[in-house]
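Spelled out from the first residue to the last, the chains are:
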Amino acid sequence: MNFIWKYLKPYSFIMSIGMLIKIAGSLVELALPYILSHIIDNVVPACTSTDDVYRIVIWGIVMVVCSVLAFWWNVLANRMASKVARDAARQIRHDLFDATMHLSASKTDEFTIPSLESRLTSDTYNIHQFLGMMQRLGVRAPILLVGGLAISLTLDPMLTLVMASIMPFIGVTVWLVSKKGIPLYKESQRAGDSMVRVVREDSQGIRVIKALSKKDYEKERYDRVNRQLVTVEKKAAVTMAATNPIINIFLNIGIVLVILVGAFRVDSGLSQAGKIIAFISYFTLISNAMLAITRIFVMYSKGAASASRISEVIETSRKLAEENLRRENEARSSDEKTEKGDGAHIVFDNVCFSYNGSAQNLENISFSLRRGESLGIIGATGSGKSTLIKLLMRMYDCGSGKIYIDGRDVRCFDESELSSMFGSAMQNDFVYADTIEENIKFGRDISHDDVVRAARIAQAEEYIEKFDDKYEHHVTSKGTNISGGQKQRLLIARAVANNPEILILDDSSSALDYKTDSNLRRAIKENMNGVTSIIVAQRVSSVMYCDLILVLDEGKVIGSGKHDYLMENCEVYRQISNSQLGGALID
């Protein structure tokens, strides 16, 4: 739990004050049965006349004052504990979200999005609950347990030994159940990740599910993962729930033995009735303390499992940052330049890459692009077009070879410096629930005039102006209240709004008609001079006027050059062009 402790260090002072208050309240609470015993055994017998009743009243007032103090001190300590738990959990969520944003694409794939969502929600909630309970019960319960045993020892050592004899059985029960509970909760959280994944997929694809009448099929798929989650949670809950009845059995056996032995001792004159009453009160406090400790161990099991999952993401992000820094330093120290890249803006030098480390997804990719030129990439689905873009933007690092921008290895760039060069509209980019203008700005410091200019270049101005509220028109999450073509033009406007050095359009005009696509290409060429463009497309018409066209097939370049050259020398490109354009040039 060292991971959690580092988040509690900034609150060590307020935690110390809260614990002192909680200790004081618990000690006062422990004094109440002792005062009651004193009243019954000493004060009441000493009252021989009505004039002595004031002694009972005074001690009664003392008990009331102690009760009020115990109540208010516990309330105050609990409020302080809640504040610490709230603030620490908020910081953990912040760091976890920050770490999630800085994960590499490969690590995000490894963790999976549903698992990351679960860690940001249910796991941080478990940590929050654990931190609050540890401060509230983690201090009070041990004091009541140890203090109750200590005071009862002064009252009647024999009865204390009877009561203490059951404690080892309770301790072993808690240890065994907790040891088994942590792995079960981890398994439960993994099952929860699977359910979140299915819910996420179904919510995103609800229109397709309805269109294909697959509601029953998806319901069965959800029921399957839901039953799996219920089975695992039931197993964990039953295991951890066994502590309470087992401990209650031991405690009930203990209190029967205490009453039985106490009765014999009172009858023999070895003890007093007041001490027996006080002893039963202390036994009740000790019993509640033991039950509280079992609750702590249950929450500890959940909290430890959640802390492990959260720290895994944060630690992975930290290691990635260190590894990236090491690679950047190595690239800077080597100060490598390539002759082929002399004066070029973008250079791929014999680049190879594999997602799984075995089969190559890109193999021996080499090309050079000068500033202001355009690159078109075309090929069959799965040929590696988008992968090439991801390597350029350093979402992944290439396995071998080098990628240069302005003669610098992309690993030499700081992450923010590199990302600021690009304006991109990717295949699966998202639109969030906000105005059109805010979706184009995307949190960047971009003026309204630049937003309008970007919309005009992206051919989005035409439909935006038709809305009554124009750029203040609200779009829904994922852009479900606009058409596919409108959404793509909105994403392209976002890409060009910040005047990037490198514009990437990854199959981002597939929903546009040929005329709009042609107008878009013309507007980019006329309004974005000096911007290097990379266009990934399935349509020849989208890339045919590029300065360089790469034809990819199974991760390899099978054709490279301009449109006319490829029509003569690349059979695959010629087939694609003839099938789409009938051999004609369309502008």
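Each remark here, short or long, concerns the structure printed above.
Values in this document were obtained by computation on a predicted structure and should not be read as measured data. (Residues numbered from 1 in each chain as written. Predicted model: local features only at pLDDT ≥ 70, side-chain atom pairs only at ≥ 80, totals over all residues. Heavy atoms only, no water.)

(A) The arrangement of the overall build of the protein in detail. Secondary structure summary: the protein contains 21 helices and 12 strands in total. Relative to a compact globule of 587 residues, whose C-alpha radius of gyration would be 25 Å, the protein shows 35 Å and is clearly more extended. C-alpha extents for the protein along the principal axes are approximately 120 × 60 × 50 Å. In the protein, which comprises 587 residues, the share counted as buried stands at 46%. Partitioning the intrachain contacts of the protein with sequence separation of at least 6 by distance along the chain shows that 76% fall at a separation of at least 24. Accessible surface, the protein: about 29,400 Å² in total, of which carbon and sulfur atoms supply 57%. Averaging the coordinates of the 67 positive side-chain charges in the protein and doing the same for the 67 negative ones gives two points 6 Å apart. (Helix = DSSP H or I, 4+ residues; strand = E, 2+ residues; numbered from the N terminus. Rg over C-alpha atoms; globule rule 2.2 N^0.38 Å. Buried < 20%, exposed > 50% of the residue type's maximum accessible area, 1.4 Å probe, protein only. Contact = heavy atoms within 4.5 Å. Areas by Shrake-Rupley, 256 points an atom, 1.4 Å probe, with all protein chains shown as cover. Lys, Arg positive; Asp, Glu negative; His and termini not counted. Charge placed at Lys NZ, Arg CZ, Asp CG, Glu CD.)

(B) Region of interest: the packing of aromatic side chains. Evaluated as defined, the whole model comprises 10 aromatic pairs. Seen from their ring centres, Phe3 and Tyr7 are 5.3 Å apart, and the 65 degrees between their planes marks the pair as edge-to-face. Highlighted residues: Phe3 and Tyr7, both in helix α1 (residues 2-8), separated by four residues, approximately one helical turn. Its relative accessible area of 13% is what places Phe3 among the buried residues. Relative to Tyr432, the ring of Phe430 lies with its centre 6.4 Å away and its plane at 45 degrees, an arrangement referred to as tilted. (Phe/Tyr/Trp six-rings, centres within 6.5 Å; stacked < 30°, edge-to-face > 60°.)

(C) A look at a negative patch on the surface. A surface patch of like charges, here negative, comprises Glu438, Asp468, Asp469 and Glu472. With respect to the helices and strands, the residue Asp468 is situated in the loop between α16 (461-464) and β8 (474-475). Relative accessible area serves as the criterion here: at 82%, Asp468 is assigned to the exposed category. (Patch = residues over 30% accessible without salt bridge, like charges linked within 9 Å, V, L, I, M, F, W, Y side chains within 5 Å. Salt bridge = Lys/Arg side-chain N within 4 Å of Asp/Glu carboxyl O.)

(D) Representation of helix α12 (residues 385-392). Among the eight residues in α12, seven count as buried, and that is most of the element. Every buried residue belonging to α12 is among Lys385, Ser386, Thr387, Leu388, Ile389, Leu391 and Leu392, and all of these are buried. Positive backbone phi, approximately 60 degrees, marks Arg394, located one or two places after α12.

(E) Summary view of the sheet that holds strand β10 (residues 532-537). A sheet is described by the order of its strands in space; here six strands give the open sequence β6-β9-β10-β3-β11-β12, paired in mixed fashion. One side of each edge strand has no neighbouring strand; the edge strands of this open sheet are β6 (422-425) and β12 (556-561). On average, each strand axis in the sheet is inclined to that of its neighbour by 15 degrees, with strand direction left out of account. Relative to strand β11 (residues 548-553), strand β3 (residues 374-379) runs parallel, the two being bridged by five bridges. When the sheet's bridge partners are listed, Gly379 is paired in β11 with Leu552. Along the sheet, helix α17 (residues 484-496) makes contact with β6 and β9 (502-506), crossing β6 at roughly 175 degrees. (Pairing = 2+ DSSP bridges. Axes fitted to C-alpha atoms, helices over the stretch in contact; angles between N-to-C directions.)

(F) Layout of the packing of helix α3 (residues 53-101) against helix α5 (residues 113-155). It is the contact of α3 with α5, at a shortest axis distance of 9 Å, that shows an interaxial angle of 155 degrees. Comparing their axes, α5 and α3 come out roughly antiparallel. For the crossing formed where α3 meets α5, the hand is right-handed. Considering only residue class, the contact of α3 with α5 consists of 12 nonpolar, eight polar and five charged. (Parallel < 35°, antiparallel > 145°, perpendicular 65-115°, else oblique. Left-handed = near helix turned anticlockwise from the far one by under 90°. Nonpolar A, V, L, I, M, F, W, Y, C, P; charged D, E, K, R; others polar.)

(G) Structural context of unusual backbone geometry. For Asn364, which is not glycine, the phi torsion reads 55 degrees and is therefore positive. With respect to the helices, strands and loops of the structure, Asn364 is situated in strand β2 (residues 362-369). Phi angles above zero are rare outside glycine, and Gln459 is one such case at about 65 degrees. Structurally, the position occupied by Gln459 is in the loop between α15 (448-457) and α16.

(H) The arrangement of the side chain of Thr316 in detail. Secondary-structure assignment places Thr316 in helix α11 (residues 273-334). At 2.6 Å, the side chain of Thr316 and the backbone oxygen of Glu312 are in polar contact. (Polar contact = N/O pair within 3.5 Å; in protein donor to acceptor, adjacent residues only side chain to side chain.)

(I) The sheet that holds strand β5 (residues 408-409), seen in detail. Taken in spatial order, the four strands of this open sheet run β2-β1-β4-β5, and their pairing is antiparallel. What marks the edges here is a single partner per strand, and that holds for β2 and β5. Of the pairings in the sheet, the one linking strand β4 (residues 400-405) to β5 comprises two bridges and is antiparallel in character. The residue of β5 that forms the bridge with Tyr404 is Asp409.

(J) Representation of the pairing of β11. Most of β11 is tucked away, with five of its six residues classed as buried. Of the strand pairs in this sheet, β11 and β12 are connected by five bridges, and their pairing is antiparallel. Within β12, the residue paired with Leu550 across the bridge is Ser560. Count of turn residues in the β11/β12 antiparallel hairpin: two residues, of which Glu554 carries a positive phi of about 55 degrees.

(K) Expanded view of the pattern of salt bridges. Throughout the structure, instances matching the rule amount to 18 salt bridges. The partner of Glu437 in a salt bridge is Lys441, and the shortest N-O contact between them spans 3.4 Å. One end of the pair is Glu437 and the other is Lys441, both in helix α14 (residues 436-441) and four residues apart, which spans about a single turn. For Glu437, a relative accessible area of 8% corresponds to the buried category. The salt bridge involving Arg574 is made with Glu571; its shortest N-O contact spans 2.2 Å. With Arg574 and Glu571 both in helix α21 (residues 571-581) and three residues apart, the pair spans about one turn of that helix. It is possible to trace a salt-bridge network through shared partners that takes in Lys83, Arg86, Asp87 and Arg90.

(L) A look at helix α10 (residues 243-267). The end-to-end C-alpha separation of α10 is 36 Å, in line with the 36 Å expected for 25 residues at 1.5 Å each. Within α10, burial applies to Thr243, Ile247, Leu251, Gly254, Val258, Gly262 and Arg265. With its phi angle positive at about 80 degrees, Gly269 sits one or two positions after the end of α10. (Expected span 1.5 Å × (residues − 1).)

(M) Local environment of the state of the cysteines. Summed over all chains, the structure comprises zero disulfides. This cysteine, Cys398, is not joined by any disulfide, and Cys352 carries the nearest cysteine sulfur, 8.6 Å off. You can see Cys570 has no disulfide; the closest cysteine sulfur is in Cys546, sitting 15 Å from it. (Disulfide = S-S within 2.5 Å.)

Geometry only, nothing functional implied.
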